[in-house]
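Fold and geometry: a report
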Amino acid sequence: MISQSFVSLTVLLLGLVNLSPAFAFPQYGSLAGLSARDLNELVPRLNQVDPPNPPGPLMYNGTKLVHDDAHPFKAPEEGDIRGPCPGLNTLANHGYLPHNGVATPSQIIEAVQEGFNMEHGTALFVTYAAHLVDGNLVTDLLSIGEKTKLTGPDPPAPAIVGGLNTHAVFEGDASMTRADFFFGDNHSFNQTLFDQFVDFSNRFGGGFYNYTVAAELRFQRIQESIATNPQFSFISPRFFTAYAESTFPVNFFVDGRSTEKKLDMEAATSFIRDGKYPQDFHRAAQPSSTEGIDIVASAHPVAPGENRDGKINNYVPDPTSADFSTFCLLYTNFVNQTIGGLYPNPTGVLRRNLIKNLRFFYSGIADAGCEELFPYGQL
């Protein structure tokens, strides 16, 4: 099932319909609706990038100081982009990612490994999943927040290059510190939700955020969305990312020198509200991923589903969605339904880049036993 956010954007060239695209087409304009003849004329003029192979694992993957002299905090300036992920916002504010908030997948993979010690396969899988849907597959650039001209020209319709703020894949409903898309702002820090984060940490974690707190808060946010959001959707891939993001503050925001898997509220505020490493912060002591996700998911089991018929408190399980017992279905549906729906008949550089990015995406789960799919053939 593909979110309405994936429906093609309105063609941005209404004022140019009587002009030759070769002379009037803006470098950041959508290619949606253009004829094959126009595309053949325009695409060679655009900045086409052949995606490089992704970076490998870290050479040294132990803990180390990451809030160092080479990576001081610098607040975003006018025009800089930040989005729904506190970790990526922090990496951009400290120079592990470009400060403007627009990066290549390779830069993001390097940054999440170097800055947080994210496990290599996880870094590949989440980065290319986001890039395939939210990034610009022609220029090989991804905004960590809103759509931006800095990513260059959009790929052909029906793709939408909206950055990580795009709803229902990387970003989704029932976030712990961001409001649901239905309420108008799905990416900005929400003080009310963060107050609840702190409250649950006090009630269930003795003032710290840990896996027990994560389990209670994850269930609470799901119940709140069911009760208030008539468009609440909790199916794959959001079903998986919601539980994964619940574990990330424990796995990545706790100083790597600590022997206890619990996050204090001062550090939580620094990361989640300010996008800033705490002073003298050291990354995780070993490559980390979604450790603890079984604890969070099993405490209050919820089947993938959604509120139906535009009504609150009308949550209906969706048996076609992948869940934790059918992980490979997540991969299959993402490739065949989500990506296939966005790019039904790609050609040329777009087809080549789709093939390459899908290969990089699969490499993140190559050991999971899922059959690799080739919807656009092989190079």
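Residues numbered from 1 in each chain as written. Predicted model: local features only at pLDDT ≥ 70, side-chain atom pairs only at ≥ 80, totals over all residues. Heavy atoms only, no water.

Put simply, the test is: UniProt positions are given in the numbering used here, feature names are shortened, and annotations may be inferred rather than shown by experiment.
With an unreviewed UniProt entry as reference, the protein chain is termed Heme-thiolate peroxidase, source organism Candolleomyces eurysporus. Annotation of the protein chain in UniProt includes, under Sequence similarities (unreviewed entry), the sentence "Belongs to the chloroperoxidase family."

A word on the state of the cysteines
Put plainly, a disulfide is one covalent bond tying together the sulfur atoms of two cysteines. Definition in use: Throughout, a disulfide means two cysteine sulfur atoms within 2.5 Å of one another. Strands are runs of DSSP state E lasting at least two residues, helices are runs of H or I lasting at least four, and both sets are numbered from the N terminus onward. Each residue's exposure class comes from its accessible area (1.4 Å probe, protein chains only) as a fraction of the maximum for that residue type: buried when under 20%, exposed when over 50%, partly exposed otherwise.
Considering all chains together, one arrives at 1 disulfide under this definition. Sulfur-sulfur distance for the disulfide between Cys328 and Cys370 comes to 2.1 Å. Here the S-S torsion is close to -85°, and the disulfide linking Cys328 with Cys370 is therefore left-handed. Residue Cys328 is found in helix H11 (residues 327-342), and its partner Cys370 is found in the segment after helix H12 (348-363); the two are separated by 42 residues along the sequence. Exposure remark for Cys328: the relative accessible area of 26% places this residue in the partly exposed category. The class of Cys370 is buried, set by a relative accessible area of 3%.

Digging into the packing of aromatic side chains
Test applied: Here a Phe, Tyr or Trp ring, Trp counted by its six-membered ring, pairs with any other such ring whose centre lies within 6.5 Å, and the pair is stacked when the planes are under 30 degrees apart, edge-to-face when over 60, and tilted otherwise.
Evaluation of the coordinates by the stated rule reveals 31 aromatic pairs. Judged by centre distance (6.3 Å) and plane angle (65°), the ring pair of Phe116 and Phe252 falls under edge-to-face. A residue pair is termed long-range when its members are at least 10 positions apart, and Phe116 in helix H4 (residues 105-116) and Phe252 in helix H8 (residues 238-252) qualify at 136 residues. The same class applies to Phe116 as to Phe252, namely buried. Centre to centre, the rings of Tyr128 and Phe360 are 5.3 Å apart; their planes meet at 50°, and the pair counts as tilted. Linking Tyr128 in helix H5 (residues 120-134) with Phe360 in helix H12, this pair joins segments that are 232 residues apart in sequence.

Brief notes about helix H6 (residues 191-205)
Going by this rule: For a helix, the expected span equals 1.5 Å multiplied by the number of residues minus one. Picture the helix axis, draw a direction to every C-beta atom, and the arc is the one those directions span. Only heavy atoms enter the contact rule, under which two residues are in contact if any of them lie within 4.5 Å.
Its 15 residues give H6 an end-to-end C-alpha distance of 20 Å, which sits within 8% of 21 Å, the value for a rise of 1.5 Å per residue. Regarding H6, the residues found buried are Leu193, Phe194, Gln196, Phe197, Phe200, Ser201 and Gly205. Viewed along the axis of H6, the buried residues span an arc of 150°, placing them on a single side of the element. Of the exposed residues in H6, those oriented more than 90 degrees away from the buried face are Thr192 and Arg203. Buried residues along H6 sit in contact with strand S3 (208-209), helix H7 (211-228) and helix H9 (265-272). At the C-terminal side of H6, Gly206 shows a positive phi close to 60°.

Describing the confidence of the model for the protein chain
Selection criterion: pLDDT is a per-residue confidence score from the predictor, ranging from 0 to 100.
Overall, the predicted model of the protein chain reaches an average pLDDT of 89, with 88% of residues at or above 70. Ignoring residues within four places in sequence, the model shows residues 1-33, a span with pLDDT below 50, making 67 contacts including any to other chains.

A short note on the side chain of Asn353
The cut-off we apply is this: Counted as a polar contact is a pair of N or O atoms within 3.5 Å, where, for protein atoms, one must be capable of donating a hydrogen and the other of accepting one, and residues adjacent in sequence contribute only when both atoms are in side chains.
Structurally, Asn353 is set in helix H12. With relative accessibility at 0%, the residue Asn353 sits in the buried group. Within the structure, the side chain of Asn353 is placed 2.5 Å from the backbone oxygen of Leu137, a separation counted as a polar contact.

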